[in-house]
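Examination of the molecular architecture
Chain by chain, the residues:
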Amino acid sequence: MSGLTTHILDTSLGKPAQGVSIQLFQWVGNQRLHLSIHITNQDGRCNAPLLAKETFEQGLYELVFEMGAYFHQHHPNLPEPLFLDQIVIRFGISSTQDHCHIPLLISPFGYTTYRGS
């Protein structure tokens with residue numbers, strides 16, 4: 001199976017982050033092309049791959065996780081401005097034969113990501 005997927009876990013609450021908007025971009029030369037917008041479900045995942053195997057190709061990509069609204073809803077006493085509002089992860093896909101999964105572990109004051117399977 002090839003394609004691109006993600007999920008978000010809120011480590012401060014110990015549960016998936018539901019209702020987060022995620023934008024996907026592809027970099028072509030010096031231009032950032034908007035590909036799609038997705039919303040996480042109750043499991044912190046998107047209902048479909050961000051890139052299906054038919055559109056999965058080598059290149060430089062960027063995920064923009066819109067965390068501000070989520071943090072305001074689930075952590076209402078955070079100081080303004082938020083420490084993390086948008087989380088941007090730029091990554092490369094070198095093989096279209098491998099599945100690329102990018103998990104995001106978040107809290108209001110930090111995040112971790114890695115290449116999953």
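Attention here is on the structure that accompanies the text. (Residues numbered from 1 in each chain as written. Predicted model: local features only at pLDDT ≥ 70, side-chain atom pairs only at ≥ 80, totals over all residues. Heavy atoms only, no water.)

1. Some remarks on the sheet that holds strand β2 (residues 15–16)
Put simply, the rule is: One bridge is not enough; two strands pair if DSSP finds at least two bridges between them. For helices the rule is a DSSP run of H or I covering at least 4 residues; for strands it is a run of E covering at least 2, with both sets numbered from the N terminus onward.
Strand order in this open sheet of four strands is β2-β1-β7-β8, and the pairing throughout is mixed. Among the strands making up the open sheet, the edge pair consists of β2 and β8 (110–113). Here two bridges tie strand β1 (residues 3–10) to β2, and the two strands are oriented antiparallel to one another. Counted as the bridge partner of L9 is P16 from β2.

2. Some points on the sheet that holds strand β5 (residues 59–66)
Applied cut-off: Only C-alpha atoms enter the line fits that serve as axes; for helices the fit covers just the stretch in contact. Angles between N-to-C directions range over 0 to 180 degrees.
In space, the four strands of this open sheet follow the order β4-β3-β5-β6, with antiparallel pairing throughout. Unpaired on one side and paired on the other, β4 (31–39) and β6 (86–93) mark the two borders of the sheet. Sheet twist, expressed as the average angle between the axes of neighbouring strands with direction ignored, equals 20°. Bridge count between β5 and β6: eight bridges; the pairing is antiparallel. Looking across to β6, one finds that G59 is bridged to I93.

3. A closer look at the nonpolar core
Rule in force here: Nonpolar core, defined: a set of buried Ala, Val, Leu, Ile, Met, Phe, Trp, Tyr and Cys residues in which side-chain atoms within 4.5 Å join the residues together. For the exposure calls, accessible area comes from a 1.4 Å probe over protein chains only, and a residue counts as buried if that area is under 20% of its type's maximum, exposed if over 50%, partly exposed in between. Contacts are assigned to residue pairs with any non-hydrogen atoms lying within 4.5 Å of each other.
Ranked by internal contacts, the top residues of the largest apolar core, which has 27 residues, are L4, I8, F65 and M67. Of all the secondary-structure elements, those providing two or more residues to this core are β1, β3 (21–28), β5, α1 (68–74), β6 and β7 (99–107). Apart from residues lying up to four places away in sequence, F65 is in contact with T6, I8, S21, I22, D85, Q86, I87, I89 and L104.

4. Some details on the pattern of salt bridges
What counts is decided by this rule: Definition used for salt bridges: Asp or Glu carboxyl oxygen within 4 Å of a side-chain nitrogen of Lys or Arg.
Scanning all chains against the criterion turns up three salt bridges. Between D43 and R45 there is a salt bridge whose closest N-O contact spans 3.1 Å. Judged by relative accessible area, D43 falls into the partly exposed class, the value being 39%. Looking at R45, the relative accessible area reads 35%, which means it is partly exposed. For E62, the salt bridge is made with R90, and the minimal N-O distance between the two is 3.0 Å. A residue pair is termed long-range when its members are at least 10 positions apart, and E62 in strand β5 and R90 in strand β6 qualify at 28 residues. What makes R90 partly exposed here is its relative accessible area of 49%. Taken together, the shared-partner salt bridges connect R32, E62 and R90 into one network.

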